[in-house]
Amino acid sequence: MGELAVDKHVHYILSVEKRKDSFESVVMDHLRMNGAYWGLTTLDLLGKLDIVNADEVISWIMKCQHESGGFAGNIGHDPHILYTLSAVQVLAVSNKLDVLDTDKVAAYITGLQNEDGSFSGDMWGEVDTSCKNLDGGFGCTPGGESHAGQIFCCVGALAITGSLHHVDKDLLGWWLCERQVKSGGLNGRPEKLPDVCYSWWVLSSLIMIDRVHWIDKEKLVKFILDCQDVKNGGISDRPDDAVDVFHTYFGVAGLSLLEYPGLKAIDPAYALPVDVINRIFFSR
Amino acid sequence: MNENSWDENRAMDLLNQFEAILESDPLIDEVGFIHPSQFVTLSNECGESGDSSEDGAFGPKNTKFWNRDHKLGISTEVLLPLCKAAKSAFMDALKQYKNLCSFSDNNHEDENIMFGSLSCLSFESEVMKHGRAVLLLSCDFGTAWNSRKLVVSKKQQLSMLMDELLLSALVLSYSPKSEQAWSHRRWVIKMIAGKHSNLQDIMAKESELVEKIAERSKMNYRAWNHRCWLVSYMTREQMLHELKKSRDWAGLHVADNSCFHYRRRLILGISENSCCKQEGENSSYDVENYQIVKEELDLNEVLIKRYIGREALWLHRRFLSLCMIRHLTTMHDISCHPEQKTSMDNEINIFLDNESCLLNYCSTIQDTEFEDFKAQAMYSAVYFLWLITQIPQFREIDLQVKLRTENLKTILHEACPERSFLWGFPDLNGSF
């Protein structure tokens, strides 16, 4: 089995931050806030967060805050609940949550809740509801196909609100463990190719419903390690594809859940390092 | 040419050229990014001469944009400066527009002089013009889609809403997974549904659009998700029609789980739309619902035997079996006559027998040259196991099942030893 090329990945993440002048980065700059979350959390898991200038990051984040209290993906862009989440997560990881006017942010989020309990992403109302399907999984909209990413969001939300008893764990666990393919990797739904990001979504869901023993963990570790670019750093969706920060984060996070040595522990529901979560809860 | 040498003026020129093309050809239905060297090939293929003016081609020697037959090609060389210029122009216009909007919102009617509202109009058209340019290059830029919603919702004109459908369709033609584009379409449709009566027509066209895109972009979650969303606007007749119409397509795309999920959504919708009707109609709906599930099961069996080892087909069968059993159980429970009850019991037995036969048929691993026979055996065994654990009636049917399950254990061990933990399933062990 290979090894995790920690230094290479750190180097890769820092280089992405600097590389702002390519078509690919311009086209993605509306989700820079997400990128900050993926990059910084990965660095923290690798124990290298101190490399980053926290003040610079914080000051940029605050410039992305909209008058409504929500955060945008980048300066001058429209706010959205997803970028707000990433902003809060980055501040949590950097231990700078105190810069927030928490009431204001909370007001933005609660303002997005609809009468039926679901949340709209932003003022334009696209709702990301989650509905239980007959196969035990969850889809994006009522009647939507079960999808591992959506399953993670639902199971995570239920976990955080202490409501996991609503989940048929055997049925869901069954569908989830069927996501493991021969190579050891996990896919997101039937007939699809494995992808490193599902190492997170499927894996953390299985952990939350206590069925992770239904997959072959060793094979999954090997799959993730095979997705590394050991020369230039970074992790890709599957072996030999191009790397990106998104998959680098999910690969490292997945390895952390699988208890790969040398990594900080990560919380499967909050998707943040366990010590960050503890810090928040114990400081209350 | 070095990307860094594109100064602002030249980049603005590019943007103006690009926007001029878009303006002059509103019927563009395809956009692509091409390498500069391919421009020459394209021109040659069209038999272009040195003459520039005729047949709409944008200049013979233009190596940045190519526009002919309502197709638009953009040189990869100019993508970066063009995108930056478009974004910058868009953000400027948006800022001005929003400022003016809040100014006019905050002031009294009579202070809203011509000057103010003309300014607003001109920035509004800038926002739309630059926004369109940006979105064709960077289709997930949410802020740009939002700005269009802002402008269109103020105007409340059907023609503008239809234009939004055109733009998003164009984007989807080369970015079929763009969630922002799909989401924008849903917003537009909701706006149209609220006011205008040609909703049925629009629904039908949406469904066709998805099918067209699904053909080129297999297992496109977002496209099929969009089609599932449409179901909530359909009448029962429309759902039946959709199910029938998409049957052949499904048979030709047996690995497309999303397609089968759509069929499940329709079947669920049809059965849900059978309640709350008058007494007399109930029984005929029940019969129809039963027939739909039966037909789908038959089709599924044909496909399973024809296309060996396809996960999507077996997963579809799980759902269908569950439906069938629920239906038979309901019929059993509501029937008053003992003969009818026995008949229903028989039906359930017959059903189980059939599934058993299917299992036997599929569990023989004829050869291991390819993975398909082994996969088929595994899927059939896991399916049967799932059936037993999920459907309470089966566990009550004693001896027969015991015999079958021993056989099942053997199949599982041979076909997929890594799934042997499934045998430890609590329900199973409890029964035996």
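Residues numbered from 1 in each chain as written. Chains lettered and ligands numbered in written order. Predicted model: local features only at pLDDT ≥ 70, side-chain atom pairs only at ≥ 80, totals over all residues. Heavy atoms only, no water.

Engineer: Would you explain the pattern of salt bridges in this entry?
Structural biologist: When the charged atoms of two side chains lie near each other, side chains of opposite charge can form a pair. Per the counting criterion, the structure on display carries 37 salt bridges over all chains. We note a salt bridge from B:E371 to A:K182, for which the minimum N-O separation is 3.4 Å. Here the residue B:E371 occupies a position in the loop between α15 (338-362) and α16 (372-390), and A:K182 occupies one in the loop between α8 (169-177) and α9 (196-208), the pair thus bridging two chains. We note that B:E371, like A:K182, is exposed. Between B:E30 and B:K71 there is a salt bridge, with the nearest N and O atoms lying 3.7 Å from each other. With B:E30 in strand β1 (residues 30-34) and B:K71 in strand β3 (residues 71-75), the pair connects residues that are 41 residues apart, well separated along the chain. With relative accessibility at 43%, the residue B:E30 sits in the partly exposed group. Exposure remark for B:K71: the relative accessible area of 30% places this residue in the partly exposed category. When salt bridges with common partners are traced through the structure, they connect A:E126, B:E179, B:R186 and B:R222 into a single cluster. (Salt bridge = Lys/Arg side-chain N within 4 Å of Asp/Glu carboxyl O. Helix = DSSP H or I, 4+ residues; strand = E, 2+ residues; numbered from the N terminus. Buried < 20%, exposed > 50% of the residue type's maximum accessible area, 1.4 Å probe, protein only.)

Engineer: Mind showing me how you'd approach the interface of chain B and chain A here?
Structural biologist: Interface size is commonly expressed as the accessible area that is lost once the parts come together. At the interface, 53 residues of chain B touch 37 residues of chain A. For the pairing of chain B and chain A, the buried interface totals around 4,000 Å² over both sides, and the portion due to carbon and sulfur atoms is 55%. At the surface where chain B touches chain A, the tally comes to eight salt bridges. With a closest N to O distance of 2.8 Å, B:R318 and A:E178 form a salt bridge. Counting every contact that joins chain B to chain A gives 20 residue pairs in polar contact (both at pLDDT 80 or more). Broken down by secondary-structure element, the contributors of at least two residues to the side of chain B that touches chain A are α3 (79-106), α5 (142-155), α7 (179-195), α9 (221-231), α12 (257-272), α14 (311-334) and α16 of chain B. (Contact = heavy atoms within 4.5 Å. Buried area = accessible area lost by both parts, 1.4 Å probe. Polar contact = N/O pair within 3.5 Å; in protein donor to acceptor, adjacent residues only side chain to side chain.)

Engineer: What is the right way to read the pairing of strand β2 (residues 65-68) of chain B from this model?
Structural biologist: The side chains of a regular strand alternate, first on one face of the sheet and then on the other. The alternating pattern of β2(B) places B:F65 and B:N67 on one face and B:W66 and B:R68 on the opposite face, and all of these are buried. Adjacent in sequence and paired antiparallel, β2(B) and β3(B) are bridged by two residues, among which B:D69 carries a positive phi angle near 50 degrees. (Pairing = 2+ DSSP bridges.)

Engineer: What am I meant to see in the packing of helix α4 (residues 54-63) of chain A against helix α5 (residues 81-93) of chain A here?
Structural biologist: Axes are the key here: two packed helices are described by the angle between their axes and the distance separating the axes. Residue and element names in this part refer to chain A. At a closest axis distance of 11 Å, the pairing of α4 and α5 adopts a crossing angle of 155 degrees. On the basis of their axis angle, the class for α4 and α5 is roughly antiparallel. Every pair of crossing elements has a handedness; the one defined by α4 and α5 is left-handed. Residue-level inspection shows V57, I58 and I61 of α4 in contact with α5, the latter providing A87, V90 and L91. Residues belonging to the contact of α4 with α5 are distributed by class as follows: six nonpolar, no polar and no charged. (Axes fitted to C-alpha atoms, helices over the stretch in contact; angles between N-to-C directions. Parallel < 35°, antiparallel > 145°, perpendicular 65-115°, else oblique. Left-handed = near helix turned anticlockwise from the far one by under 90°. Nonpolar A, V, L, I, M, F, W, Y, C, P; charged D, E, K, R; others polar.)

Engineer: Teacher, can you tell me more about unusual backbone geometry here?
Structural biologist: Among all residues except glycine, the phi angle is most often negative; among peptide bonds, the trans geometry is most common. With a phi angle near 60 degrees, A:D210 is a residue other than glycine that sits in the positive phi range. Position of A:D210 among the secondary structure elements: in the loop between α9 and α10 (217-226).

Engineer: What exactly am I supposed to notice about the environment of A:Y108 here?
Structural biologist: All names here are of chain A. You can see Y108 is positioned in helix α6 (residues 102-110). Relative accessible area serves as the criterion here: at 10%, Y108 is assigned to the buried category. Sequence separation between Y108 and P79 is 29 residues; the distance between their C-alpha atoms is 9.7 Å. For Y108, the contacting residues outside a window of four places in its chain are S68, G69, G70, P79, H80, I81, T84, G121 and D122.

Everything listed here is a matter of coordinates, which is why it stays silent on function.
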